[in-house]
Amino acid sequence: SMTPRHQHWDGYHVKVSSTSSSTQRGAFLWFGGGDEKNDEQSDKDSSSDSAIMANLDSVSKIMDSMASFKASQRIGERTGAALQDLQNTLVEGTAAEGKVKITLNGQQVPVGVQIDEAYFKSLKTQGGKEGVDELEVALTQAMKDAHSKSSSKLEEKLKSVYSDLGFER
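Residues numbered from 1 in each chain as written. Predicted model: local features only at pLDDT ≥ 70, side-chain atom pairs only at ≥ 80, totals over all residues. Heavy atoms only, no water.

### Quick word on the confidence of the model for the chain
Point 1. Per-residue confidence for the chain averages 76 on the pLDDT scale, and 70% of its residues sit at or above 70.
Point 2. Predicted confidence is poor over residues 17-28, with pLDDT under 50, and the contacts of this stretch with residues over four places away or in other chains come to 13 contacts. (pLDDT = per-residue confidence, 0-100. Contact = heavy atoms within 4.5 Å.)

Laid out in structure tokens, this is it:
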């Protein structure tokens, strides 16, 4: 039927045509209307009060999730800044009594290798496979050392960020 329905919402009388879409009716329900009764008592009806309370609860949940989103954004920004800072932090791992050095940034990206020239010459004179093996072992040890130091820096930095944001472990 095309007869308009009458809604009551906080003392306002609202006319809704029966051709209104479900989204318009949904909006009325969200704001506390939508009671199908046409009598004046619907405003005082307890179901109307519970609908209003449910709507306030929904608004509260939306506000909570907005606050949570802002907190997530803040965490993302601070973490991003920390990672950028770590990119500019250099960590050095060593082996063979400091004659082999591997440099990583704080994000664990390799940025350099240094091999002492005298050490390298001694490996060459040792001859063939033994010299290569020793150099491979020294490079691997230096990488592990650098990785360990870099991981510690990363963990330290992130703990600091999360601590500043109020997240204690």
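On we go from here.
### Overview of helix H4 (residues 128-164)
Point 1. With 37 residues, H4 ought to run about 54 Å at 1.5 Å a step, and its terminal C-alpha atoms sit 54 Å apart, in line with that.
Point 2. Along H4, the residues that are buried comprise Gly131, Leu135, Ala138, Ala142, Ala146, Ser150 and Val161.
Point 3. Immediately beyond the C-terminal end of H4, within one or two residues, lies Gly166, with a positive phi of roughly 95°. (Helix = DSSP H or I, 4+ residues; strand = E, 2+ residues; numbered from the N terminus. Expected span 1.5 Å × (residues − 1). Buried < 20%, exposed > 50% of the residue type's maximum accessible area, 1.4 Å probe, protein only.)

### Topic: unusual backbone geometry
Point 1. The phi dihedral of Ala96 is positive, around 50°, even though this residue is not glycine.
Point 2. Taking relative accessible area as the criterion, Ala96 reaches 24% and is therefore assigned partly exposed.
Point 3. Phi at Gln108 is positive, roughly 70°, even though this residue is not glycine.
Point 4. Mapped onto the elements of the fold, Gln108 is located in the loop between strand E4 (100-105) and strand E5 (110-115).
Point 5. Here Gln108 falls in the partly exposed class, since its relative accessible area comes to 27%.

### Focus on the nonpolar core
Point 1. Judged by nonpolar contacts, Ala95, Val100, Ile102, Leu104, Tyr119, Leu123, Leu135, Ala138, Ala142 and Ala146 together constitute the single largest core of 10 residues.
Point 2. Elements supplying a minimum of two residues to this core: E4, helix H3 (117-126) and H4.
Point 3. At four residues, H4 tops the list of elements feeding residues into this core.
Point 4. Discounting residues that sit within four places of it in the chain, Val100 has contacts with Gly93, Thr94, Ala95, Gln114, Tyr119, Leu135, Ala138, Leu139 and Ala142. (Core = buried A, V, L, I, M, F, W, Y, C linked by side-chain atoms within 4.5 Å.)

### Some words on the pattern of salt bridges
Point 1. With the rule as written, the count across this model stands at seven salt bridges.
Point 2. Residues Asp145 and Lys149 are paired through a salt bridge, measuring 3.3 Å at the closest nitrogen-oxygen approach. Placement of the pair is Asp145 and Lys149 together in helix H4, with a separation of four residues, close to one helical turn.
Point 3. Looking at Asp145, the relative accessible area reads 24%, which means it is partly exposed. (Salt bridge = Lys/Arg side-chain N within 4 Å of Asp/Glu carboxyl O.)

### Considerations on a nonpolar patch on the surface
Point 1. Where nonpolar side chains cluster on the molecular surface, the patch consists of Val59, Ile62, Met63 and Met66 and spans about 340 Å² of accessible area.
Point 2. Assignment of secondary structure puts Met66 in helix H2 (residues 46-87). (Patch = residues over 30% accessible without salt bridge, like charges linked within 9 Å, V, L, I, M, F, W, Y side chains within 5 Å. Areas by Shrake-Rupley, 256 points an atom, 1.4 Å probe, with all protein chains shown as cover.)

### Details of the sheet that holds strand E3 (residues 90-95)
Point 1. An order of E3-E4-E5 is seen for the three strands of this open sheet, with the pairing classed as antiparallel. One side of each edge strand has no neighbouring strand; the edge strands of this open sheet are E3 and E5. Pairwise comparison of adjacent strand axes, ignoring direction, gives a mean angle of 15° for this sheet.
Point 2. Where E3 lies against E4, six bridges are found, and the strand directions are antiparallel. In the sheet register, Thr94 faces E4, and the bridge partner there is Lys101.
Point 3. Of the strands in this sheet, E3, E4 and E5 touch H4, which is tilted by about 145° from E3. (Pairing = 2+ DSSP bridges. Axes fitted to C-alpha atoms, helices over the stretch in contact; angles between N-to-C directions.)

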